[in-house]
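# Understanding the architecture of this molecule
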Number of protein chains: 2
Amino acid sequence: MSTIPNRNQPAATRKPREERWSEILTVATELFYQKGYEGTSLQEIAERLGIMKGSLYYYIRSKEDILFVVLNEAHKAGLERMTSAAQVEGTALDRLRAMIIAHIRSIADNVISTAVFLNEMKSLPQESQDKILGGAVNYPKMFEQVLREGMEEGTIRQDLDPKLTATIVLGSLNSTHRWLHPERHGNLRKVQDHFTRILISGLASDGN
Amino acid sequence: MSTIPNRNQPAATRKPREERWSEILTVATELFYQKGYEGTSLQEIAERLGIMKGSLYYYIRSKEDILFVVLNEAHKAGLERMTSAAQVEGTALDRLRAMIIAHIRSIADNVISTAVFLNEMKSLPQESQDKILGGAVNYPKMFEQVLREGMEEGTIRQDLDPKLTATIVLGSLNSTHRWLHPERHGNLRKVQDHFTRILISGLASDGN
DNA sequence: ATTGATACCCACCGTCCGTTTGGTAGATAA
DNA sequence: TTATCTACCAAACGGACGGTGGGTATCAAT
């Protein structure tokens, strides 16, 4: 009955729960970004953390748990930024401009988690997707709202369908995650500038 | 030595090479669309075709072969359409408009293969990606080219960087694959209309 | 000094994966 | 009639997968 521990592996550095948990999320997000959710194994995640894959189940109940939390936090973080940007003073056109600039900055600051969010949302069961997206506010509605207001007050042209236009604008901004590089800081202003110049003059009611 | 065929399974309907091969590509494309490349098994592909998964190796050398052909043909088909659209007569602005309309139509007609192309390109080794994208012409360059010409002739505003603007325009158009539904035919015109209205008036030199 | 919770190890499970191999019925051609 | 080709079957391969469960070293609190 002698217990033979067979310690040929150095034990992992023991860490408090919160710290290790956020490490798991960070590492998983990076791997999901590089290889996709299905292409990433728990083995790989564990290896990068220096622990055994079985130890992950001290923190999770299934692989899907990790994806859910990653996507949920990415969505929450982005939506928070956008919400505060939508509250600047001025015309609806001013607010739209602020939202565009804020969203690009938000994506640039979180290219990886944004990409994972946009690419891997479909890997979750519908029920979990609804839980993430089903809050009181959401991206498309916010854009649709500000477009409607701008049309009423006359700063935004009225020959466009607000809902479709919101989809187009949001999609355009989101597509930047494919090529936006946050390390190139000077570039960010330029990108924001181009987007506002193109979209604002494309959406404003007159030649401004 | 008696050969016991053990025919408890109905044999698959035997089909000529070309026909079966295009069936494989069609089925694989649909499955890659629904579950991603990594999430799709050869077993599933075979099941939909009514053959054994081992039989697939009469047509391929590896699973990756299927993805390569699917992506390559999707890319070729789209580029062909765009190329012919870029040759309409008129100003560069007219050509840009034609390219926008053509590309949206091209995506709408091939939502599935377009989505697979944009989502699963990264699942291929870099070498294979280069082989697909490395032709004489490519999407971003075509847009950059027409933008430059429009700036020279004065129909397109000159305070924009052609390369960055091309990236933005192309990304905007490509993002439609996430929500464009080809079955709704009346919708297509509306989408094309919105895109041209927004982008053209955002890019043109004057208030047109 | 003892205890109880915490953070992790490690061997193992059943399943599914892409891939390989040997074989064969049916059409074609000589 | 015989030989060859074509399109597929059937079974097995090793390995990787997500997941389980008993065990244990380390820690803070007593």
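Residues numbered from 1 in each chain as written. Chains lettered and ligands numbered in written order. Predicted model: local features only at pLDDT ≥ 70, side-chain atom pairs only at ≥ 80, totals over all residues. Heavy atoms only, no water.

## Points about the overall build of chain A
Rules: The secondary structure listing takes helices from DSSP runs of H or I that are at least 4 residues long and strands from runs of E that are at least 2 residues long, numbered from the N terminus. Burial here depends on accessible area, computed with a 1.4 Å probe over protein chains only, as a share of the maximum for the residue type. Under 20% is buried, over 50% is exposed, and the range in between is partly exposed. Residue contacts are counted whenever heavy atoms from the two residues lie within 4.5 Å of one another. Only the protein chains shown count as cover for residues, and all accessible areas are computed by the Shrake-Rupley method using a 1.4 Å probe.
Along chain A, the regular secondary structure elements total nine helices and zero strands. Secondary structure elements of chain A, listed N to C terminal, follow the sequence α-α-α-α-α-α-α-α-α. The principal-axis extents of the C-alpha atoms in chain A amount to approximately 85 × 40 × 30 Å. Within chain A, the proportion of its 208 residues that are buried is 48%. Long-range pairs, those at least 24 residues apart, make up 70% of the contacts in chain A between residues at least 6 apart in sequence. Just so you have it, chain A exposes about 11300 Å², and 49% of that area is on carbon and sulfur atoms.

## Quick look at the packing of aromatic side chains
Condition: Paired rings are identified among Phe, Tyr and Trp, the last through its six-membered ring, by centres lying within 6.5 Å, and are further divided according to the angle between planes into stacked (under 30 degrees), edge-to-face (over 60) and tilted (the rest). Should the NZ of a Lys or the CZ of an Arg lie within 6 Å of a ring centre and within 35 degrees of the ring normal, that charge is described as sitting over the ring.
Counted under the stated rule, the structure contains four aromatic pairs over all chains. Taking the centre distance of 5.1 Å and the plane angle of 85 degrees together, the rings of Y58(A) and Y59(A) count as edge-to-face. Accessibility expressed as a relative area gives 54% for Y58(A), which makes it exposed. Lying over the aromatic face of Y58(A), R17(A) brings its terminal NZ or CZ to 4.9 Å of the ring centre. A cation over a ring is seen here: K63(B) above Y37(B), with NZ or CZ 4.3 Å from the ring centre.

## Considerations on the relation of the copies chain A and chain B
Where we set the bar: To line up the copies, we fit them by least squares on C-alpha atoms, keeping just the residues with pLDDT of at least 70 in both.
Between the two copies, chain A and chain B, the superposition gives an RMSD of 0.0 Å; the rotation angle is 180 degrees and the shift along the axis is 0.0 Å. Expressed as an axis order, the relation between the two copies is that of a two-fold axis.

## A few points about the interface of chain A and chain B
Put simply, the rule reads: Joining two parts hides part of their accessible area as seen by a 1.4 Å probe, and the buried area is that hidden amount summed over both. When a carboxyl oxygen of Asp or Glu lies within 4 Å of a side-chain nitrogen of Lys or Arg, that pair is called a salt bridge. Distance and chemistry together define a polar contact, namely a pair of N or O atoms within 3.5 Å, with one atom able to donate a hydrogen and the other to accept it when in protein, and with adjacent residues in sequence counting only for side-chain atoms on both sides.
Taken together, the contacts link 29 residues of chain A with 29 residues of chain B. Roughly 2700 Å² is buried in total at the junction of chain A and chain B, and carbon and sulfur atoms are behind 64% of that figure. Broken down residue by residue, the surface that chain A buries against chain B is led by L164(A), I168(A) and I198(A), which jointly contribute 21%. Here D159(B) and R197(A) are joined by a salt bridge, their closest N and O atoms 3.3 Å apart. At the junction of chain A and chain B, the tally comes to 11 residue pairs in polar contact (both at pLDDT 80 or more). Mapped onto the side of chain A that touches chain B, the elements with two or more residues apiece are α5 (111-120), α8 (162-174) and α9 (185-203) of chain A.

## With respect to a positive patch on the surface
The cut-off we apply is this: Exposure above 30% relative accessible area and no salt bridge define the residues that can form patches, which grow by joining like charges within 9 Å and nonpolar side chains of Val, Leu, Ile, Met, Phe, Trp and Tyr within 5 Å. Within this scheme the basic residues Lys and Arg register as positive and the acidic residues Asp and Glu register as negative, but His and the chain ends are omitted. Working definition for charges: the position is that of NZ of Lys, CZ of Arg, CG of Asp or CD of Glu.
Taken together, K122(A), R178(A), K122(B) and R178(B) make up a surface patch of like positive charges. One can find R178(A) in the loop between α8 and α9.

## Focus on the environment of L199(B)
Mapped onto the elements of the fold, L199(B) is located in helix α9 (residues 185-203). Sequence-wise, L199(B) and R97(B) are 102 residues apart; in three dimensions their C-alpha atoms are separated by 8.8 Å. What L199(B) contacts, discounting residues up to four positions off in sequence, is I198(A), I100(B), V169(B) and L173(B).

## Quick word on the domain arrangement of chain A
Residue and element names in this part refer to chain A. Our working rule: Residue ranges assigned to each domain were obtained from an automatic or database domain assignment.
Here chain A is described as being made up of domain 1 (14-60) and domain 2 (63-203). Distance from the C-alpha centre of domain 1 to the C-alpha centre of domain 2: 28 Å. For the pair domain 1 and domain 2, the two sides together bury roughly 1400 Å², of which 79% comes from carbon and sulfur. Counting the surface domain 1 buries against domain 2, the share from its top three residues, F32, Y33 and Y37, is 44%.

## Overview of the environment of H177(A)
Within the fold, H177(A) resides in the loop between α8 and α9. Sequence-wise, H177(A) and E120(A) are 57 residues apart; in three dimensions their C-alpha atoms are separated by 14 Å. In contact with H177(A), other than residues within four places in its own chain, are I107(A), V111(A), T114(A), A115(A), L118(A), N119(A) and R178(B). A polar atom in the side chain of H177(A) sits 2.8 Å from the backbone oxygen of N174(A).

## Quick look at the packing of helix α4 (residues 92-109) of chain A against helix α7 (residues 139-153) of chain A
All names here are of chain A. Spelled out, the test is: The axes are straight lines fitted to the C-alpha atoms, using for helices just the contacting stretch, and the angles between their N-to-C directions are given from 0 to 180°. Between 65 and 115 degrees an angle is taken as roughly perpendicular, under 35 as roughly parallel, over 145 as roughly antiparallel, and anywhere else as oblique. If you view the pair so one helix is near and one far, a crossing is left-handed when the near helix is turned anticlockwise from the far one by less than a right angle, and right-handed when it is turned clockwise.
At a closest axis distance of 8 Å, the pairing of α4 and α7 adopts a crossing angle of 155 degrees. Here α4 lies roughly antiparallel to α7, going by the angle between them. In the packing of α4 onto α7, the handedness of the crossing is left-handed. For the pair formed by α4 and α7, the contact residues are A92, L93, R95, L96, M99 and H103 on the first element and Y139, M142, F143, V146, L147, E149, G150 and E153 on the second.

## Topic: the nonpolar core
Let me state the cut-off plainly: Residues belong to one nonpolar core when they are buried, are Ala, Val, Leu, Ile, Met, Phe, Trp, Tyr or Cys, and are joined through side-chain atoms within 4.5 Å.
By size, the foremost hydrophobic cluster in this structure holds 69 residues, and its most contacted members are L96(A), F143(A), F195(A), L96(B), F143(B) and F195(B). Each residue touching F143(A), except ones within four places of it in the same chain, is listed here: M82(A), L96(A), M99(A), A166(A), V169(A), L170(A) and L173(A). Residues Y37(A), L49(A), I51(A) and V116(A) belong to the second largest nonpolar core, which totals 27 residues.

## Notes on the protein's contact with DNA strand C
So the rule is basically this: Residues are counted as near a molecule or strand when any one of their heavy atoms sits within 4 Å of it. By the convention adopted, Pro, Cys, Tyr, Trp, Phe, Met, Ile, Leu, Val and Ala count as nonpolar, Lys, Arg, Asp and Glu as charged, and the other residues, Gly among them, as polar.
Within the structure, DNA strand C sits among 28 residues, and R14(A), M52(A), S55(A), Y59(A) and Y57(B) are positioned closest to it. Among the atoms of DNA strand C lying within 4 Å of the protein, the sugar-phosphate backbone contributes 69%. Within the side chain of R20(A), one N or O atom sits 2.8 Å away from a phosphate oxygen of DNA strand C. Y58(A) places a side-chain nitrogen or oxygen 2.7 Å from a phosphate oxygen of DNA strand C. Looking at side-chain class alone, the surface near DNA strand C contains nine nonpolar, 11 polar and eight charged residues.

## What to know about the environment of I100(B)
All names here are of chain B. Tracing the backbone shows I100 in helix α4 (residues 92-109). I100 sits 17 residues away from F117 along the chain, and the two C-alpha atoms are 19 Å apart. Apart from residues no more than four positions distant in its own chain, I100 is found in contact with L173, F195, T196, L199 and I200.

## A closer look at the side chain of T114(A)
All names here are of chain A. Following the sequence through the fold, T114 ends up in helix α5. Within the structure, T114 has its side chain in polar contact with the backbone oxygen of N110 (distance 2.7 Å). Beyond its immediate stretch of four places on either side in the chain, T114 contacts I107 and H177.

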